[in-house]
Amino acid sequence: MKRIPMLACFVLNLACASGGAQVIQFNGEVALSYVEAQMAFGPRVPNTEAHRQTGDWILDQLQQRVDSVEVQTFTHVTSDGDTLRLRNFIGKIKPDLTDRVLFLAHWDTRPFADKSSNMAQRRMPVPGANDGASGVAVLLRLADELKIEPAIFGVDLLFVDGEDYGDFGANEDVLIGSRYFAANLVDGYQPLFAVLFDMVGDANARFEKEWNSVNRAPEVVERVWRKANDLGHGRTFLGSVGGAITDDHIPLLDVGIRAIDIIQTPLPPYHHTTEDTIDKLSARSLAIVGSVAVGLVR
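A quick note: this is a predicted structure, and the numbers were derived from the prediction, not measured. (Residues numbered from 1 in each chain as written. Predicted model: local features only at pLDDT ≥ 70, side-chain atom pairs only at ≥ 80, totals over all residues. Heavy atoms only, no water.)

Participant: Which residues make up the overall build of the protein chain, and what values do they have?
Facilitator: For the protein chain, the helix and strand inventory stands at 9 helices and 8 strands. Taking 2.2 N^0.38 as the reference for a compact globule, 298 residues should give roughly 19 Å; the C-alpha atoms of the protein chain span a radius of gyration of 18 Å, in line with that estimate. Based on the C-alpha atoms only, the size of the protein chain along its principal axes is roughly 55 × 45 × 40 Å. Residue burial in the protein chain is summarised as follows: out of 298 residues, 56% are buried. A fraction of 78% describes how many contacts in the protein chain between residues 6 or more apart in sequence connect residues 24 or more apart. In the form shown here, the protein chain has an accessible surface area of approximately 12,400 Å², with 51% of it arising from carbon and sulfur atoms. The distance from the centre of the 28 positive side-chain charges to the centre of the 39 negative ones in the protein chain is 5 Å. (Helix = DSSP H or I, 4+ residues; strand = E, 2+ residues; numbered from the N terminus. Rg over C-alpha atoms; globule rule 2.2 N^0.38 Å. Buried < 20%, exposed > 50% of the residue type's maximum accessible area, 1.4 Å probe, protein only. Contact = heavy atoms within 4.5 Å. Areas by Shrake-Rupley, 256 points an atom, 1.4 Å probe, with all protein chains shown as cover. Lys, Arg positive; Asp, Glu negative; His and termini not counted. Charge placed at Lys NZ, Arg CZ, Asp CG, Glu CD.)

Participant: Help me get a handle on unusual backbone geometry, residues and values and all.
Facilitator: Between Thr-265 and the following residue, Pro-266, the backbone shows a cis peptide bond with an omega angle of -5°. Within the secondary structure, Pro-266 sits in the loop between strand 8 (259-263) and helix 9 (283-297). Unlike most non-glycine residues, Lys-94 shows phi in positive territory, near 55°. Turning to its location among the elements, Lys-94 is positioned in the loop between strand 2 (83-93) and strand 3 (100-106). The backbone of His-272 sits at a positive phi, close to 60°, despite the residue not being glycine.

Participant: Now, about the environment of Val-23: what can you tell me, with residues and values included?
Facilitator: With respect to the secondary-structure elements, Val-23 resides in the loop between helix 1 (3-17) and helix 2 (28-41). Val-23 sits in the partly exposed class, given a relative accessible area of 34%. Between the C-alpha atom of Val-23 and that of Asp-60, which follows or precedes it by 37 residues, the distance is 31 Å.

Participant: Could you give me a rundown of helix 7 (residues 218-230), with the residues and numbers involved?
Facilitator: Between its terminal C-alpha atoms helix 7 stretches 18 Å, which fits the 18 Å expected from 13 residues at 1.5 Å a residue. Turning to helix 7, its buried residues are Val-220, Val-221, Val-224, Trp-225, Lys-227 and Ala-228. All buried residues of helix 7 project into a common sector of 155° when viewed along the axis, lining one side. Residues of helix 7 that are buried sit in contact with strand 5 (193-198), strand 6 (207-209), helix 6 (211-216), strand 7 (237-241), strand 8 and helix 9. Within two residues after helix 7, Gly-232 carries a phi angle of roughly 85°, on the positive side. (Expected span 1.5 Å × (residues − 1). Arc of directions from axis to C-beta.)

Participant: Explain the packing of helix 7 against helix 9 to me, using residue names and the numbers behind them.
Facilitator: At their nearest, the axes of helix 7 and helix 9 sit 9 Å apart, and the two run at 115° to each other. In terms of their interaxial angle, helix 7 and helix 9 are classed as roughly perpendicular. Helix-helix and strand crossings are classified by hand; for helix 7 and helix 9 the assignment is right-handed. Facing helix 7, whose interface residues are Arg-223, Val-224, Lys-227 and Ala-228, helix 9 presents Val-292, Gly-295 and Leu-296. Within the contact of helix 7 with helix 9, the residues separate by chemical class into 4 nonpolar, 1 polar and 2 charged. (Axes fitted to C-alpha atoms, helices over the stretch in contact; angles between N-to-C directions. Parallel < 35°, antiparallel > 145°, perpendicular 65-115°, else oblique. Left-handed = near helix turned anticlockwise from the far one by under 90°. Nonpolar A, V, L, I, M, F, W, Y, C, P; charged D, E, K, R; others polar.)

Participant: So what's going on with the sheet that holds strand 4 (residues 154-160)? Which residues, and what values?
Facilitator: Across the sheet, 6 strands lie side by side as 1-2-4-3-5-8; this open sheet has mixed pairing. Taken across any chain shown, the strands that pair with only one partner, and hence form the sheet edges, are strand 1 (68-77) and strand 8. Within the sheet, the average angular offset between the axes of one strand and its neighbour, ignoring direction, is 20°. Alignment of strand 2 against strand 4, held across 5 bridges, turns out to be antiparallel. Bridge pairing in strand 4 links Ile-93 to Val-155. (Pairing = 2+ DSSP bridges.)

Participant: Describe a negative patch on the surface, listing the residues and the values that go with them.
Facilitator: Residues Asp-80, Asp-82, Asp-167 and Glu-172 make up a contiguous surface patch of negative charge. Looking at where Glu-172 falls in the secondary structure, it is placed in the loop between strand 4 and helix 5 (176-183). (Patch = residues over 30% accessible without salt bridge, like charges linked within 9 Å, V, L, I, M, F, W, Y side chains within 5 Å. Salt bridge = Lys/Arg side-chain N within 4 Å of Asp/Glu carboxyl O.)

Participant: Can you tell me about the pairing of strand 4, naming the residues and giving the values?
Facilitator: The element strand 4 is extensively covered by neighbouring structure, given that 7 of its 7 residues are classed as buried. Across the two faces of strand 4 the burial is the same, with Gly-154, Asp-156, Leu-158 and Val-160 and Val-155, Leu-157 and Phe-159 all buried. Of the pairings in the sheet, the one linking strand 3 to strand 4 comprises 7 bridges and is parallel in character. From the neighbouring strand, His-106 faces strand 4, where its bridge partner is Val-160.

What follows is the structure, encoded as structure tokens:
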């Protein structure tokens, strides 16, 4: 109950104190409720019942909001010989338009909290409130907003699976869904640009410009950060360049899609621990990120 007036004050203050900045309202409270819905299933680790139920829920949510939905069902054999059953979901808004924008997030969670300080917790799964659920929540609420006031472009909402499963140091069994998507593009698919949302809900979210994004798609970084500044979010979207992050934008960049990563850097202290829980998130942060996404396509 207390969060609703906080969001209202945020919108009001932005309108009054931003010095004439453009105002786009994005309901962060609803987005936060989408995080809560995902968390209720439990950790979304591939091959678990929680993973299957969450995937079915995302599919149902998309079918209620977008013009068409494509499901990419596939398997992946890990370096340990396990077979993962995975699904990517692609929600399409205005599918007949040629000029398209791609937004994406991963929906799975990590099977082990390898950064937890407690050794006993390192075999436990990561809850994934920020790392997974926050990006999904922004995409679903974006679909809501674009039903209210349509985009000027076609919009594709991609929910990739298997991002967080394996070993990032060895680059094994990670980014599985985005690699599958990139390897199976429909002939001629080339969005104007793509934006990845990963760990975007922290109550104190700050986004530096991710190094790979700046190095490989600088014009998209400039476009997104300029929109954030136009909306008065310069204290959240910082001008500094952060480190290079191995994330789902990399397979897209490798096949020629101009993709960037919006991700909290430095990574929060609860990253890949059992402390990645919903109390770390805020409706305000989700509203800021979501408003930038809306502004990019209206």
